[in-house]
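A structural walkthrough
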Amino acid sequence: MKYVPKPLEGNVNVSRTHPLKELLLLCGGVLGLVLAAYLALGFAVDWIVPYVPQELEEKIAAKIPMPPTKHKRHAEYLQQLAESLAENAPNDAGSVTLGVMEMGEENAFALPGGRIYFTRRLLENVGSENELAMILAHEMGHCANRDHLRSIGRGLTMALLASFLINSDDAVEYFIGPSITLGHLSHSRKREELADRHGLETLVATYGHGGGATEFFSRINDNEEYKHPPKYLSSHPAPHKRVSYLEESLAEIYGAEEGELTPLPDWWDEWEEKSP
Amino acid sequence: MITTSIQYIPGMKIVEHFGLVQGSTIRAKHIGRDIAASLKNLIGGELKGYTELMTESRAEATDRMCKQAEQFGANAVINVRYATSSVAQGAAELFAYGTAVVVKPEA
Amino acid sequence: MDISGLVIFVVLMALGYIAGTMAERKHYKSIERREAAMLRQPIVTYEDMETPEGKRVRKAKMVTGSAVISTDYFKRFLASLRFFFGGRVKSYESLLDRARREAIIRMKQEAVGAKIILGMRIETSNIGSSNRKGKNKGLGAVEALAYGTAVWFDEIRPQTP
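Within each chain, residue numbers correspond to sequence positions counted from 1 in written order. Each chain is given a letter, starting from A, and each ligand a number, starting from 1, according to the order in which they appear as written. Only residues with pLDDT of at least 70 get local features here, since the model is predicted, and only at 80 or more are side-chain atom pairs given and counted; chain-wide, interface and lining totals rely on the full set of residues. To get the side-chain values, all heavy atoms of the structure are used, and hydrogens and water are removed first.

**Some words on unusual backbone geometry**
Worth spelling out the cut-off: Helix and strand labels come from DSSP, where a helix needs a run of H or I of at least four residues and a strand needs a run of E of at least two; each type is numbered from the N terminus.
Of note, Arg146(A) is a non-glycine position whose phi angle comes to about 55°, a positive value. One can find Arg146(A) in the loop between α5 (129-145) and α6 (147-165). The backbone phi angle of Asn79(B) is positive, close to 55°, even though this residue is not glycine. By the element assignment, Asn79(B) lies in strand β3 (residues 76-85).

**Topic: the packing of aromatic side chains**
Going by this rule: Two rings from Phe, Tyr or Trp (for Trp, the six-membered ring) form a pair when their centres sit within 6.5 Å of each other. Planes less than 30 degrees apart are called stacked, planes more than 60 degrees apart edge-to-face, and all others tilted. Accessibility here uses a 1.4 Å probe with only protein chains present; expressed as a share of the type maximum, an area under 20% marks a residue as buried, one over 50% as exposed, and anything in between as partly exposed. Counted as over-ring charges are cases with an Arg CZ or a Lys NZ within 6 Å of the ring centre that also lie within 35 degrees of the ring normal.
On inspection of all chains with the given rule, the structure shows eleven aromatic pairs over all chains. Plain terms: the ring middles of Trp47(A) and Tyr51(A) are 5.7 Å apart, the flat faces sit at 55° to each other, and that makes the pair tilted. Accessibility assignment for this pair places Trp47(A) and Tyr51(A) in one class, exposed. Taken together, the ring pairs in this structure connect Tyr77(A), Trp267(A) and Trp268(A) into an aromatic cluster. For Lys59(C), the ring lying beneath its charged end belongs to Trp152(C), and the centroid distance is 4.4 Å. We note Arg100(C) situated over the ring of Phe95(B); from NZ or CZ to the ring centre the distance is 3.7 Å.

**Considering the nonpolar core**
Worth spelling out the cut-off: Remark: nonpolar core denotes a set of buried residues (Ala, Val, Leu, Ile, Met, Phe, Trp, Tyr, Cys) joined through side-chain atoms within 4.5 Å. In this analysis, two residues are considered to be in contact whenever any of their non-hydrogen atoms come within 4.5 Å of each other.
Ile116(A), Phe118(A), Leu132(A) and Leu136(A) are the most contacted members of the largest nonpolar core, which totals 42 residues. In terms of residue count, α5(A) provides more of this core than any other element does, nine residues in total. Contacts of Leu132(A), omitting those with residues within four sequence positions, involve Tyr77(A), Leu78(A), Leu81(A), Phe118(A), Leu123(A), Val126(A), Leu264(A) and Trp268(A). Core analysis: the next-biggest nonpolar cluster, separate from the first, contains 32 residues, Ala28(B), Phe95(B), Tyr92(C) and Ile122(C) among them.

Structural data, given as structure tokens:
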């Protein structure tokens, strides 16, 4: 047999797709897939949360260590305030337990099992009972909406999705991890807005006006100490945004009129011990 | 295109040859199949998804090899061999190669 | 969120794409040039040989050639995304193609002057490593080994008495 030398033209063994086109298609596809899974599971969590019995939530709460509470007198005062707010709240927050803790930051937060904590720094800076009531009613809104159950559920969802990604390349984790986080933060901002709305409605129903609703947010917005990350990287809406939408909702519920603010008791500035 | 795994084609006479032709492919199954396979791995048995994957890949590698032979104007590939490799886990890498020839029926 | 991780990722992707594409283009040019130069020397997978008329076998020897080609960061990322959907892992196709063709060329370079290479076989293997998480994953490098038997011929000169 005779050998016939012929050159080959083209290359059948390599696909002729531009790599950047492939990158775009694949990234879009994977993002879509993961976000769809996250949304579907998140929706399932939101659907199931209202059916979770209170006892189960308390069992979950018992597993989470609670910070020690100080300043009994202030906590007592907050407790009474919470009870009077609960009578006027649109949604029932269940039984809540108030606490005060030492912390360098101006903050208040709700934990599972109806536990609401204020930092001493926040209490020191508060100007009126109305302002305090707004923050308290916001946290009670989180309890009523069972937002910590939602966030536990979403956390499990993220862990589940992450476990699928463990077998893939590190690069994929860099790419998909942040995109899930963005979805998570967006959900968190929505829950905060709902809690703000709950706080505002409670405030207006209790005092007959919306005075004191925006003071806290204006103050942390003006405080240079707090660096506010860009919107998409933040778990809470930006303070100036909150001020403006609170003012809009206030105008909607009540009208923009300001009422008389209720002062804090005289002993408010007396603390059990020195500030650390 | 006639392909054989031996050095000749019974009943045919090789007239001329063009040397080596090769076809290769690397394919993966979607993640759902991978998960199903890892579950199946617990109880054993045939992994249908992967059988399918290997069959598809082998067919594509053979097809690509035959395309090269066609380009030469050959009508058969003799002494075809298959090889596999594993650069990426979970993907099937199939390689087919042989000698492209022109055959005609034995008179 | 880990911004620095993201920045490193983007930089590595760009580096992998630009450098990887350039290296691949250069390699393919060199492969094509050398293949064209060696075109007159056939490689076959069968083992039978016809001795051409007026010639005799001077030497027959096994020749081998191998090459290890690595993937780049960009290609690896594309491949890992491809595992979600299945189908052709296009970014690795050129990797395997280059490794095999380079191995064949190197085998031929050992067979300078040979008339034909018979019974050629190709083996490929991956070069594995454990990454920092201790999972055994391929390094993303492929080794191709080509081997065959090269045959050299001599002219039969009429014997001078």
